[in-house]
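Coordinates in review
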Amino acid sequence: MRIRIRSAGTALALGLGLIVGAAACGGSGSSSPAATTGPAPTVAPVSSGTGGSAAPAATAGAPSSPSAAAAAATTDLQSINAQLSSFDSELSTANTGINSTEGDPTQ
Amino acid sequence: MKRSHLAAATAVLAAAALTAGLATPAFAQTATTSGPTANQQARLAFLKARGNGAINVRLHTLSNDGTLVTSAVHLTQSDQSTLASLISADEAGLSSLETTIDNDTTVPQATTDVRSIVTSYRIYVLVDPKIHLTVATDRGLAAVATFQQLASADQTEITAATSGNIAAAKTALSSMNNEVVLAENLLTPVPGEVLPLVPAGYPANKPTLQGAATSLRQARQDLGMAQAYAGQVQSDLA
């Protein structure tokens, strides 16, 4: 199924909604960290302030099992949310500066 | 006797006139070289205070920007180094300018120096936006990298899937990847566009900043769509 969404806000809302759904499905008990061949993925260390850009922890190749892949996908989507939130913040700050003026400090 | 009194009075007047004649130019000269008037001194103090305040808030902004740049790990080493050098140079320049302003002794000197806080640095309208545009690019590229990692995980899921709408998941994954490529192509050139911009080129270089911001907005839209497709993959496989 192909979808086209022209609004970034709509896309984000849809994405968030789907992420919640995906997370719920992934958490149905079909897998456990012990069943995976690698370490359990962790949420990327992206701060809510200035925003970090560190890559997610699960970077060592593709997950080797479907359950691990589902868990990794959920983690990746959470990381993407945080990264894009930080992106939005930085772009907003840049726009504010670009559209501003610096007054004459002698006045 | 009368004659001698008259002569004495004349001599006194003549001496007074001579004294006045000699003293007047001397007094005038003293008045022009004795430093600024009270109004000038007040204006000078005002300019120094305004200058110091303007410099300090800019130094604070640059300090925050330095922290931000350090966290931008997806920038190329060259871009990160360029931003760090820019911040250091501006901090050093503004600190030096602060000393210069503190040592200014005339209003015209101080006026010129205080104005140069804006004209020589353009911290708020150029430097800070450059930094935030570049760091936004870093965040976007970080998301691109995560999407690429996600695509690998999604592919594993699709390959192993035995139920769900597998064909739709494949299509959604392909669409996600296409959007990510579009975003990456918009993001990658931005640092190279904005980092060379200098205060002397402002405001002529403002459209370059605006164009870079537009590219980032378009990239954000692509990444938002990629996000939606990513969710669609999961939902198709559920």
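What you see is a predicted model; the values in this text were computed from it and never measured. (Residues numbered from 1 in each chain as written. Chains lettered and ligands numbered in written order. Predicted model: local features only at pLDDT ≥ 70, side-chain atom pairs only at ≥ 80, totals over all residues.)

Residue and element names in this part refer to chain B. Position of alanine 230 among the secondary structure elements: in helix α8 (residues 206–237). Judged by the 31 C-beta atoms lying within 10 Å of it, alanine 230 is buried. Sequence spacing of alanine 230 and asparagine 177 is 53 residues, and the spatial spacing of their C-alpha atoms is 9.2 Å. (Helix = DSSP H or I, 4+ residues; strand = E, 2+ residues; numbered from the N terminus. Buried ≥ 20, exposed ≤ 12 C-beta atoms within 10 Å, placed from the backbone.)

Our next topic: the nonpolar core. Residues B:Phe147, B:Met176 and B:Ala226 are the most contacted members of the largest nonpolar core, which totals 74 residues. Counting residues per element, this core draws most heavily on helix α5 (residues 123–160) of chain B, at 18 residues. (Core = buried A, V, L, I, M, F, W, Y, C linked by C-beta atoms within 7 Å.)

Residues and elements named next belong to chain B. Segmenting chain B into domains produces domain 1 (35–119) and domain 2 (124–237). Taking only C-alpha atoms, the centre of domain 1 and the centre of domain 2 are 35 Å apart. The interface of domain 1 with domain 2 comprises 12 residues on the first partner and 11 residues on the second. Counting residues per element, the ones that place at least two in the side of domain 1 that touches domain 2 are α2 (38–70) and α3 (77–103). Here the side of domain 1 that touches domain 2 gets five residues from one element, more than from any other, and that element is α3. Each residue belonging to the side of domain 1 that touches domain 2 can be placed in one class, and the counts come to six nonpolar, three polar and three charged. (Domains from an automatic or database assignment. Contact = placed C-beta atoms within 7 Å. Nonpolar A, V, L, I, M, F, W, Y, C, P; charged D, E, K, R; others polar.)

Here helix α2 (residues 66–98) of chain A crosses α8(B) at 160 degrees, and the two axes come no closer than 11 Å. As far as their axial angle goes, α8(B) and α2(A) are roughly antiparallel. Judged by the sense of rotation from one axis to the other, the crossing of α2(A) with α8(B) is left-handed. Contacts between α2(A) and α8(B) involve A:Ala73, A:Leu77, A:Ile80, A:Leu84, A:Phe87, A:Asp88, A:Leu91, A:Ala94, A:Asn95 and A:Ile98 from the former and B:Leu209, B:Gln210, B:Ala213, B:Leu216, B:Arg217, B:Arg220, B:Leu223, B:Gln227, B:Ala230 and B:Gln234 from the latter. Looking at the contact of α2(A) with α8(B), its residues break down into 13 nonpolar, four polar and three charged. (Axes fitted to C-alpha atoms, helices over the stretch in contact; angles between N-to-C directions. Parallel < 35°, antiparallel > 145°, perpendicular 65-115°, else oblique. Left-handed = near helix turned anticlockwise from the far one by under 90°.)

Our focus in this paragraph is the confidence of the model for chain B. Residue and element names in this part refer to chain B. Mean pLDDT for chain B: 88, with 85% of residues reaching 70 or above. In this model residues 1–31 is a low-confidence stretch, pLDDT under 50, and it forms zero contacts with partners more than four residues away in sequence or in other chains. Interface confidence in the predicted complex, given as ipTM, is 0.82; pTM for the same model is 0.73. (pLDDT = per-residue confidence, 0-100.)

Residue and element names in this part refer to chain B. Cis geometry is found at the peptide bond from tyrosine 202 to proline 203, where omega equals 10 degrees. With respect to the element layout, proline 203 can be found in the loop between α7 (190–194) and α8. The backbone of arginine 122 shows a phi angle near 50 degrees, a positive value even though the residue is not glycine. Inspection of the secondary structure puts arginine 122 in the loop between α4 (107–119) and α5.

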